[in-house]
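Residue-level listing of the chains:
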Amino acid sequence: VDVARGLSNADGQYTQESWSTLQGAIEDAQDVLIDPDALVAAIAAATAAVADGLAGLVSPPNHTVLASVVAIAKAQSNANGRFTEDSWTAMGAAVAAAEELLGSGAASQELIDAAVDAVVDALASLAEAPDKSVLASVLATADAKSNEDGSFTPDSWEALMGAVAAAQTVAAAPESTQAEIDAAVDAVAAGLAGLVGAVPQPDEPTTPDRPDTPDVPDMPGAPAATVARGGLTSVLATADGLVQDAYTPESAGVVQAAVVKARAVLADPAASQDEVDSAVSELVNALTALRPRVAGNSDTPPAPVVTVARVKAGQSRITLVRRKSVTVPVAVYFADNVASYSGALAWKSSNPKIAKVSQNGKITAIRAGKATVTATSKAVSATGKKLSVKIAVTVAAKRSAAKVAKVDVKAPKTLTVGQVAYATGSYVPVKASGVKVTYKSSRPEILAVDKAGRLMAKAKGKAVLTVKAGPSVKKVTVAVK
């Protein structure tokens, strides 16, 4: 009894219920102590009751950690649609349940710990929503174009309209991934850059008819093809229309640097088509990488630099006939799973006299021989080094009669939801000329694949990965668990 009476609950270190039980046992024991006729059994029972009361003292649940994680969660903002609706709703539900426990005052430590886990899991599961703002801007630029007066050649106009139609589908689909959005931006920008002005036809002569004159042979020295600059002008207009303060200083600075370079190319009358195309790609890539500030916080620090995780080509070798060109898809994959298919690479040929390459990745065969084309990331990896991939190019003097006989694929047959992997296709014989390797998924909602062969497991199920080289195909069934 003396030990029990020496305790205090002034600071609320025990629950009221367990403290009251002990106090009742003490009072009963006091009665036994002052009773000279108390039996041994009564003394033993009173002693046991006090001992049980001491052993039954329970500390109240600790709400401190739960209150802290709730405060962290409530500090998040989705005013600018930064997070996906599903992940934001899930976090809201976890916070609401936690606040209900905090307000009840009767929750057990077990329930409180479970609520802490739920809020922490919801915070960790917040998924950033894909940003379609650049795609909307590029589409608006394309929509402002018109070919009613035949300003552009039919082929270049149809190519742009095809890219716009595909991009509109991506823009309208709520489930579009950032990689799909970025690819749509690249395609529309390429369509804009590829617009070619139609050659104006001279007016019919108004002078009187003249006697027939002998045909005059064509004169040598015809003027070179006109460089198409309309796409660069359009993308510059998109960049000029941005509100710089809406984005982090770092990402906005990259755009401004690309704008300065693009203006210099636009003002240079001697700029080549490759230089114009490269400026378009670099500016579009900078626009795609824009990161918005957090709403209501003008002091938000610059977004962290996203490092390069991998550089991959759709194929590792190709054979070309002299004077033919091809663009092998090469992707830069960043650590946040965003992919870039143009503007983020520097290209180089080991022997430009055999095969040259533009800064857009267009490989042109010059003369018979072998060369290696290397694509190197402009950004660095987590180790501080730039990553690269090599494509072996063989140039043949004339087209071989060889056709693709077999396609091989290196790809996993099992993935888990959320996992990223890579498929690589090859073919034999390698002397078959002009053969490009392509990738396609039968069910993109389960297994997405891009043009360089990256696989993204999106939902449980099975999908067939089809890899095509020339007329030959190879199919691999991939199970996502």
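Here is what the cut-offs are and how they apply
- Residues numbered from 1 in each chain as written.
- Predicted model: local features only at pLDDT ≥ 70, side-chain atom pairs only at ≥ 80, totals over all residues.
- Heavy atoms only, no water.
- Helix = DSSP H or I, 4+ residues; strand = E, 2+ residues; numbered from the N terminus.
- Buried < 20%, exposed > 50% of the residue type's maximum accessible area, 1.4 Å probe, protein only.
- Contact = heavy atoms within 4.5 Å.
- Patch = residues over 30% accessible without salt bridge, like charges linked within 9 Å, V, L, I, M, F, W, Y side chains within 5 Å.
- Areas by Shrake-Rupley, 256 points an atom, 1.4 Å probe, with all protein chains shown as cover.
- Salt bridge = Lys/Arg side-chain N within 4 Å of Asp/Glu carboxyl O.
- Lys, Arg positive; Asp, Glu negative; His and termini not counted.
- Charge placed at Lys NZ, Arg CZ, Asp CG, Glu CD.
- Arc of directions from axis to C-beta.
- Pairing = 2+ DSSP bridges.
- Axes fitted to C-alpha atoms, helices over the stretch in contact; angles between N-to-C directions.

## Regarding the overall build of the chain
Counting its secondary structure elements, the chain contains twelve helices and 19 strands. The proportion of buried residues among the 481 residues of the chain is 37%. Nonlocal contacts in the chain, meaning residues at least 24 apart in sequence, comprise 68% of its contacts between residues at least 6 apart.

## Some points on a negative patch on the surface
A cluster of acidic residues, E27, D28, D31, D35 and D37, forms a negative patch on the protein surface. Inspection of the secondary structure assignment puts D35 in the loop between α2 (16–33) and α3 (40–55).

## What to know about helix α7 (residues 133–143)
Structural remark: α-helix, 3.6 residues per turn; residues separated by three or four positions point the same way. All buried positions along α7 are accounted for by V134, L135, V138, L139, T141 and A142. Seen along its axis, α7 keeps its buried residues to an arc of 155°; they face one direction.

## A few points about the pattern of salt bridges
With the rule as written, the count across this model stands at four salt bridges. A salt bridge links K261 to E282, with the shortest nitrogen-to-oxygen separation between them at 2.9 Å. Remark: E282 occurs in helix α12 (residues 273–288) and K261 occurs in helix α11 (residues 249–267); sequence separation between them is 21 residues. Under the relative-accessibility criterion, K261 is labelled partly exposed at 40%. By relative accessible area, E282 is classed as partly exposed at 21%. Salt-bridge contacts for E445 lead to R443; the nearest nitrogen and oxygen are separated by 3.0 Å. Under the relative-accessibility criterion, R443 is labelled partly exposed at 38%.

## Quick look at a nonpolar patch on the surface
Nonpolar side chains collect at one region of the surface, where V1, L33 and I34 lie side by side and expose about 310 Å² of accessible area between them. Position of L33 relative to the elements: it lies in helix α2.

## Re the environment of P444
Secondary-structure assignment places P444 in the loop between β15 (437–441) and β16 (447–449). Linking P444 and A459, residues 15 residues apart in sequence, is a C-alpha distance of 9.5 Å.

## Considering the sheet that holds β16
Ordered by their spatial adjacency, three strands build an open sheet running β13-β17-β16, and the pairing between neighbours is antiparallel. Edge positions in the open sheet fall to β13 (420–422) and β16, since each of these has one partner strand only. This sheet shows a mean twist of 25° between the axes of neighbouring strands, independent of strand direction. When β13 meets strand β17 (residues 454–457), the two strands line up antiparallel, connected through three bridges. Across the sheet, residue A421 finds its bridge partner in β17, namely L455.

## Brief notes about unusual backbone geometry
Along the chain, V428 connects to P429 via a cis peptide bond; the corresponding omega equals 0°. As for its placement among the helices and strands, P429 is situated in the loop between β14 (424–428) and β15. A positive phi angle, close to 75°, is found at R323, a residue other than glycine. One can find R323 in the loop between β2 (317–321) and β3 (325–327). Here R323 falls in the exposed class, since its relative accessible area comes to 62%.

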